[in-house]
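Given next are the chains, with one letter for each unit.
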Amino acid sequence: MRKIAIITGASSGMGVCFAVQLARESCAARQELVRLRARGAQKKANINIIEESVLDEMWIVARRADRLEETMRLIESEAGNTGCAAPLVRVVPLDISGR
C-alpha cells in the first residue's frame, strides 16, 4: 500500500513549513533504512517502525498553483541538499473552503 500525505494550506506559512519538515523526516527515515539494510540489521521491529515514516507521495493542496509550485521546488531542493530522493510531490490547486 502506498503512503500518501495530504497537506492543505501548503502555499504559505505553516503549511509550507509542515510540508518541508514532513519531506525531511521521510528522507531521513529512507536514509536510515538504507543504512540498516546495508548492515544487515536483524531487528525487523526497528525496520518496520522506520518504514512507517517513509512517504511515497505528498499531495500539497491550496488555491494558488504558483505558490504550490514554489513549495514543491523547495521540497525537492531540500531533498537534493541531503542527497535523498523526496517523496513524489503532487500539486493540487484546489479551494476546499466551499466558497
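Relevant structure appears above.
This report concerns the structure included in the present document. Predicted model, so just to flag it, every value in this text is computed and none were measured. (Residues numbered from 1 in each chain as written. Predicted model: local features only at pLDDT ≥ 70, side-chain atom pairs only at ≥ 80, totals over all residues. Heavy atoms only, no water.)

1. Structural notes on the side chain of Ser-26
And step 1. Residue placement: Ser-26 occurs in helix α1 (residues 13-38).
And step 2. The class of Ser-26 is buried, set by a relative accessible area of 0%.
And step 3. Apart from residues lying up to four places away in sequence, Ser-26 is in contact with Ser-53, Val-54, Leu-55 and Pro-87. (Helix = DSSP H or I, 4+ residues; strand = E, 2+ residues; numbered from the N terminus. Buried < 20%, exposed > 50% of the residue type's maximum accessible area, 1.4 Å probe, protein only. Contact = heavy atoms within 4.5 Å.)

2. Let's talk about the sheet that holds strand β2 (residues 57-62)
And step 1. Reading across from one edge, β1-β2-β3 is the order of the 3 strands in this open sheet, with parallel pairing throughout. Two strands in the sheet have a free side with no partner beyond their single neighbour: β1 (4-8) and β3 (88-93). Strand-to-strand, the axes of this sheet are offset by a mean angle of 20°, without reference to chain direction.
And step 2. Pairing geometry for β2 and β3, over 6 bridges, is parallel. Across the sheet, the residue bridging to Ile-60 is Val-91, located in β3.
And step 3. Across the face of the sheet, α1 comes into contact with β1 and β2 while running at roughly 165° to β1. (Pairing = 2+ DSSP bridges. Axes fitted to C-alpha atoms, helices over the stretch in contact; angles between N-to-C directions.)

3. What to know about the packing of α1 against helix α3 (residues 65-82)
And step 1. Between α1 and α3, the shortest axis-to-axis distance is 10 Å and the interhelical angle comes to 30°. Between α1 and α3, the angle falls in the class roughly parallel. Viewed along their axes, α1 and α3 form a crossing whose handedness is right-handed. Counted together, Val-16, Ala-19, Val-20, Ala-23, Arg-24, Cys-27 and Gln-31 of α1 and Thr-71, Leu-74, Ile-75, Glu-78, Ala-79 and Thr-82 of α3 form the full contact between these two elements.
And step 2. Looking at the contact of α1 with α3 residue by residue, the classes come out as 8 nonpolar, 3 polar and 2 charged. (Parallel < 35°, antiparallel > 145°, perpendicular 65-115°, else oblique. Left-handed = near helix turned anticlockwise from the far one by under 90°. Nonpolar A, V, L, I, M, F, W, Y, C, P; charged D, E, K, R; others polar.)

4. Describing the environment of Gln-31
And step 1. On the secondary structure map, Gln-31 appears in helix α1.
And step 2. A relative accessible area of 26% places Gln-31 in the partly exposed class.
And step 3. Residues Gln-31 and Glu-70, spaced 39 residues apart in sequence, show a C-alpha to C-alpha distance of 25 Å.
And step 4. In contact with Gln-31, not counting residues within four places along its chain, are Thr-82, Gly-83 and Cys-84.

5. Here's the deal with α1
And step 1. In a regular helix each residue adds 1.5 Å, so 26 residues correspond to 38 Å; α1 covers 38 Å between its end C-alpha atoms and thus fits that length.
And step 2. Along α1, the positions that sit buried rather than exposed are Gly-15, Val-16, Ala-19, Val-20, Ala-23, Ser-26, Cys-27, Ala-29, Leu-33 and Leu-36.
And step 3. One or two positions beyond α1, positive phi appears at Gly-40, with a value near 70°. (Expected span 1.5 Å × (residues − 1).)

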